[in-house]
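# Coordinate inspection notes
Spelled out from the first residue to the last, the chains are:
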Amino acid sequence: MNSPQTKPKLLDKLSSPYLAATLASILAIEVFLGSWLPQEPLVGKEALLTKYSNNLDLYTNLGLTDVFHSWWFCLSLILLAINLTLASFYRVFPRAKKALIWPALLSVVPKASPNVQIIEGLSLAKLIKSLKSKNWQIGETTDIALIARKGHQHRLGASITHVGILTVGFGALVSLLYGFNGSVVGVPGDRFSFQSQKSNILVEERKIYHSPLWLGESPAFELEIISSAKSQAADGELDNWHTEIQFLSPQGENLQESKLAVNTPTRFRGVDFYQADWQKVLRLNFNDTDYELKLDDLAEGKGEIAFFEITPELKIGFWRAASERYFSLIRESLNVDAQPFQLIAKLPSDQTVTVGPMKLKSYGAFPRTGLHFKHSPGDPILIMGMIVMLSGIMLSFGRKRLLWAITAGDALHIITKSDRGQAAHEEELEDLLLLLQKKSQSEQSSL
């Protein structure tokens with residue numbers, strides 16, 4: 001049979017601030033890993049294949065390619081949420097009543113009280129008026145005594161802060177259970193469906209990334225890239241990337257058209273889309289397999305070039321002069337800036353060319369845009385929780401002051417107490433006493 005102390009001891013351990021610090025430290029390390037390592041929802045699987053090569057399955061199984069949706073990240077969040085919830089209800093909230101309860105009214109001056117100030121000829125009525133002018137709250141009063149307080153609200157700061165923390169945790173939980181994110185990379189004409197996974201040529205099937213506890217649903221709409229371009233400033237430097245997209249129903253009905261740019265996202269049905277990347281690519285077919293190559297501009301307007309590695313020892317290039325519409329097949333070792341040079345083959349768009357064992361077909365050059373999407377239904381709750389939490393933290397910086405006044409003969413005995421900031425309290429008390437003495441002198445001179 002369990003002893004009566006088992007439950008409190010267990011609560012002490014589960015609500016321990018040391019446990020909270022440990023879990024928060026673990027979570028901080030996990031956040032660092034998720035920010036430092038490339039994440040599949042943001043960069044796509046192709047980038048991970050390039051970085052991790054044959055070890056990709058190992059990193060994926062460990063959850064390192066999608067840290068924020070891994071089971072161990074979710075477990076850390078849940079354990080920290082349990083700890084903070086128990087700490088709030090077991091340790092913090094019960095102390096909030098101290099901010100609301102008035103101390104006992106004194107009717108006799110304590111003999112051992114060191115903080116007693118005596119003012120001759122001052123009435124309780126004048127004292128009450130002065131205290132109210134200084135924003136003191138007057139409590140119980142009698143004909144000969146009163147009690148007042150000021151700044152007691154700061155005792156609520158810890159509780160309000162924990163309410164904010166729990167609200168933030170609830171918002172994070174909502175996003176964990178119902179939110180998702182991912183990325184879309186494609187060229188004008190590509191269409192993506194988040195349900196049916198349809199895609200056009202060379203476009204990796206898009207999927208949404210979510211936690212293992214996910215209770216949400218896939219978006220019931222499709223996205224098509226209409227156009228994409230980059231703009232340049234007057235000095236020739238890159239100014240911005242722009243993409244025009246449209247959202248369609250699964251039946252192909254146009255629902256909305258939107259324009260995106262860096263720092264100018266768009267939202268559709270609770271999903272936010274951000275312009276994340278832009279580059280020009282060459283799409284081609286090499287021996288009946290489709291590929292996409294990055295196109296780089298050559299200096300002095302001499303066209304653009306892309307390289308394709310067939311084997312570690314053999315790399316070929318595709319070069320297009322600024323005045324040409326077709327690509328030319330060249331060797332990597334040739335200097336394309338020097339003229340003339342020997343062309344291996346011309347590659348007109350949509351025509352198949354055979355060069356020895358290589359069968360090539362160029363689809364052409366395209367602007368490829370990268371879009372990130374995110375659905376976080378808990379964000380409004382999280383923001384509200386942050387506001388509440390910051391309000392509680394600011395409120396916690398205050399101090400609680402208590403004042404007792406007792407009439408003894410023709411003198412008024414004033415006793416004060418402060419729970420922190422003794423120097424500031426003494427300065428405030430001096431100002432208050434100076435004001436009271438002036439009122440006392442004024443009261444006596446009028447008699």
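Further up the page is the structure itself.
Residues numbered from 1 in each chain as written. Predicted model: local features only at pLDDT ≥ 70, side-chain atom pairs only at ≥ 80, totals over all residues. Heavy atoms only, no water.

## Considering the pattern of salt bridges
A pair can form between side chains of opposite charge whenever their charged atoms are brought close. Inspection of every chain in the model, using the stated rule, returns twelve salt bridges. Across the pair Arg283 and Asp190 runs a salt bridge whose closest N-O atoms are separated by 3.1 Å. A residue pair is termed long-range when its members are at least 10 positions apart, and Arg283 in strand β10 (residues 271–286) and Asp190 in the loop between β4 (180–186) and β5 (191–193) qualify at 93 residues. On the accessibility criterion, Asp190 (3% relative accessible area) is buried. (Salt bridge = Lys/Arg side-chain N within 4 Å of Asp/Glu carboxyl O. Helix = DSSP H or I, 4+ residues; strand = E, 2+ residues; numbered from the N terminus. Buried < 20%, exposed > 50% of the residue type's maximum accessible area, 1.4 Å probe, protein only.)

## Quick word on the packing of aromatic side chains
A full pass over the atoms with the stated rule returns 14 aromatic pairs. Judged by centre distance (6.0 Å) and plane angle (15°), the rings of Phe32 and Trp36 are stacked. With Phe32 and Trp36 both in helix α2 (residues 17–36) and four residues apart, this pair spans about one turn of that helix. Trp36 matches Phe32 in its accessibility class, with the two residues each being exposed. Taken together, a centroid distance of 5.3 Å and an interplanar angle of 85° make the contact between Phe68 and Phe73 edge-to-face. (Phe/Tyr/Trp six-rings, centres within 6.5 Å; stacked < 30°, edge-to-face > 60°.)

## Side note on the packing of helix α5 (residues 71–92) against helix α7 (residues 157–178)
Packing of α5 against α7 leaves a shortest axis separation of 10 Å and a crossing angle of 150°. If you check the angle between α5 and α7, you find them roughly antiparallel. In the crossing of α5 with α7, the sense of the turn from one axis to the other is left-handed. On the side of α5, the interface is formed by Cys74, Leu84, Thr85, Ser88, Phe89 and Val92, while α7 contributes Ala158, Ser159, His162, Ile165, Leu166 and Leu176. Residues of the contact of α5 with α7, tallied by class, amount to eight nonpolar, four polar and no charged. (Axes fitted to C-alpha atoms, helices over the stretch in contact; angles between N-to-C directions. Parallel < 35°, antiparallel > 145°, perpendicular 65-115°, else oblique. Left-handed = near helix turned anticlockwise from the far one by under 90°. Contact = heavy atoms within 4.5 Å. Nonpolar A, V, L, I, M, F, W, Y, C, P; charged D, E, K, R; others polar.)

## Regarding the side chain of Ser362
Locating Ser362 in the fold gives a position in strand β18 (residues 358–375). At a separation of 3.3 Å, a polar atom in the side chain of Ser362 contacts the main-chain amide nitrogen of Gly364. For Ser362, the residues in contact, after removing those within four places along its chain, are Leu282, Arg283, Leu284, Phe327, Leu347, Pro348, Ser349, Asp350 and Gln351. (Polar contact = N/O pair within 3.5 Å; in protein donor to acceptor, adjacent residues only side chain to side chain.)

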